[in-house]
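# Understanding the architecture of this molecule
For reference, the chains in residue letters:
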Amino acid sequence: MEQIITLILDSGRTAMDMALYVLLPVMVVMLALMKLLESKGVLGWISNKLSPLVKLFGVPGLGIFAMLQIMFVSFNAPVATLAIMDRDGTARRAIASTLAVVLTMSQANVVFPMAVVGLDVPVIMITSLIGGLIAAAATYYLFARDPALDDDYSHTEHRAPELHEKKNVIQILSDGGQEGVKIVFASIPLLILALCFVNLLKLTGSIELLTTVLAPVLALVDLPESTVLPIVTKFIAGGTAMMGVTIDLLNQGAMTSTDLNRIAGFIINPFDVAGVAILMAAGRRVSSVARAAVLGAIVGTVVRGILHLIIF
């Protein structure tokens, strides 16, 4: 019993250190900046300007806003945009392609904190766009081509949500910072539980078993055994937990920043059980196209992963 209590305390200490000294500063600044850009109409302007280009991949104008949200806010930020698409008559085929993009692209709440430990942000942004658009096209033209999914499709331009009351820059930045604080503190319970679970797997020898099974496969692409733990954690417990485990391994010297960048294309995205469930909760029409979006996301994620293996 004493060993279990020690495990819980160690996991909690690691999670709190990460939340307060890595996640919190980055997310407060990024959310404040995004809130300001949103209030000034910059994000809406970018969405409308890029709309003709992304329509070629089956992504509607509002889908660009979802892409900006996941790249610069957090993995759950596009839920609001998907909810709007669920209600505003956007075709389910277009919703499916947007969901596939979101599932494939890297989320800001993991990317920016991990930049501190050597993640190559420009490369992961570029591969996110490439993989995301490929996922969208695969979904739109292959997996969601049923004519029934073209219901009520509108190519009208969309604007970013506007503030209902007039606020000055300081108030807007403060609101964004408070949203960042809420996101970080909301992630703490999951982070602690995930780290406890991973440490329990270590304690019981399950990680060694998984490492033995997966190590030969990873060796084929020149990845060390230490990368098994982040990969397994990602798909079991999600991106936030993966980040915690990976940063811990990097601090211990068990992984290098090169190893991180090589696997980043596969694991830095919301494409896991928890991520899919949260995004599907945006609405009934969104959940109805989840299968097609998941298939498209598999294509996009594989492309991203291969690009990272080639580049690094």
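Just so we're clear, the structure is a prediction, and the values are computed from it rather than from any experiment.

Take the overall build of the protein chain next. Within the protein chain, the regular secondary structure consists of 15 helices and zero strands. The globule rule puts the C-alpha radius of gyration for 312 residues at 20 Å, and the 20 Å found for the protein chain is close to it. Each principal axis of the C-alpha atoms in the protein chain carries an extent, and together these give about 60 × 45 × 35 Å. The buried share of the protein chain, taken over its 312 residues, is 53%. When contacts within the protein chain are restricted to residue pairs at least 6 apart in sequence, those whose partners lie at least 24 apart make up 81%. For the protein chain, the accessible surface area stands at approximately 14,000 Å², while carbon and sulfur atoms represent 67% of it. In the protein chain, 20 positive and 22 negative side-chain charges are present, and the distance between their average locations comes to 8 Å.

Right, let's talk about the pattern of salt bridges for a bit. Per the stated rule, a full pass over the model turns up three salt bridges. Between K167 and D175 there is a salt bridge, with the nearest N and O atoms lying 2.5 Å from each other. A relative accessible area of 24% places K167 in the partly exposed class. Here D272 and K234 are joined by a salt bridge, their closest N and O atoms 2.7 Å apart. In this pair, D272 sits in the loop between α12 (257–267) and α13 (273–280) while K234 sits in helix α10 (residues 228–237), placing the two residues 38 residues apart along the sequence. This pair shows no difference in class: D272 is buried, exactly as K234 is.

It is worth spelling out the packing of α12 against helix α15 (residues 290–311) at this point. Two numbers describe how α12 lies on α15: the axes approach to 7 Å, and their chain directions differ by 170°. Here α12 is positioned roughly antiparallel relative to α15, judged by the angle of their axes. Facing N261, R262, A264, G265 and F266 of α12, the residues of α15 in contact are T301, V302, R304, G305, I306, H308 and L309. Classifying every residue of the contact of α12 with α15 gives five nonpolar, five polar and two charged.

Compared with an ideal rise of 1.5 Å per residue, which puts 13 residues at 18 Å, helix α5 (residues 92–104) spans 18 Å between its outermost C-alpha atoms and is within 8% of the ideal. Across the 13 residues that make up α5, a large majority, twelve, are buried. Buried within α5 are the following residues: R93, A94, I95, A96, S97, T98, L99, A100, V101, V102, L103 and T104.

This part is about α13. Listed in full, the buried residues belonging to α13 are G275, V276 and L279. One side of α13 carries all its buried residues, which in axial view fall inside an arc of 95°. The inward-facing, buried residues of α13 contact α4 (78–87), α5 and α14 (284–288). A distance of 2.7 Å separates the backbone nitrogen of G275 from a side-chain oxygen at the start of α13, and that oxygen is part of D272.

What follows covers the side chain of S51. Assignment of secondary structure puts S51 in helix α2 (residues 42–54). Classification of S51 by relative accessible area gives buried; the value is 3%.

Turning our eyes to something else, we now look at the packing of helix α3 (residues 61–72) against helix α7 (residues 121–143). Interhelical geometry of α3 versus α7 gives an angle of 145° and a closest axis separation of 12 Å. As for how α3 packs across α7, the hand of that crossing is right-handed. In this structure, α3 contributes M67, M71 and F72 to the contact, and α7 contributes M125, L129 and L133. Residue composition of the contact of α3 with α7, grouped by class: six nonpolar, no polar and no charged.

Here the focus is the packing of aromatic side chains. All chains considered together, the criterion is met by two aromatic pairs. The residue whose ring lies beneath R93 is Y140, and the NZ or CZ to ring-centre distance is 4.0 Å.

A cluster of nonpolar side chains, M1, I4, I5, I8, L9, L200 and L203, forms an exposed patch at the surface whose accessible area comes to about 650 Å². Where the nonpolar patch is concerned, the elements lending two or more residues are α1 (2–39) and α8 (169–204). A per-element tally of the nonpolar patch places α1 first, with four residues. Summarising the element assignment, L200 is placed in helix α8. Residue class for L200 comes out partly exposed when judged on its relative accessible area of 36%.

Reading guide: rules and limits
Residues numbered from 1 in each chain as written. Predicted model: local features only at pLDDT ≥ 70, side-chain atom pairs only at ≥ 80, totals over all residues. Heavy atoms only, no water. Helix = DSSP H or I, 4+ residues; strand = E, 2+ residues; numbered from the N terminus. Rg over C-alpha atoms; globule rule 2.2 N^0.38 Å. Buried < 20%, exposed > 50% of the residue type's maximum accessible area, 1.4 Å probe, protein only. Contact = heavy atoms within 4.5 Å. Areas by Shrake-Rupley, 256 points an atom, 1.4 Å probe, with all protein chains shown as cover. Lys, Arg positive; Asp, Glu negative; His and termini not counted. Charge placed at Lys NZ, Arg CZ, Asp CG, Glu CD. Salt bridge = Lys/Arg side-chain N within 4 Å of Asp/Glu carboxyl O. Axes fitted to C-alpha atoms, helices over the stretch in contact; angles between N-to-C directions. Parallel < 35°, antiparallel > 145°, perpendicular 65-115°, else oblique. Nonpolar A, V, L, I, M, F, W, Y, C, P; charged D, E, K, R; others polar. Expected span 1.5 Å × (residues − 1). Arc of directions from axis to C-beta. Polar contact = N/O pair within 3.5 Å; in protein donor to acceptor, adjacent residues only side chain to side chain. Left-handed = near helix turned anticlockwise from the far one by under 90°. Phe/Tyr/Trp six-rings, centres within 6.5 Å; stacked < 30°, edge-to-face > 60°. Lys NZ or Arg CZ within 6 Å of the ring centre and 35° of its normal. Patch = residues over 30% accessible without salt bridge, like charges linked within 9 Å, V, L, I, M, F, W, Y side chains within 5 Å.

Fair warning: the whole summary comes from geometry, so function is off the table for now.
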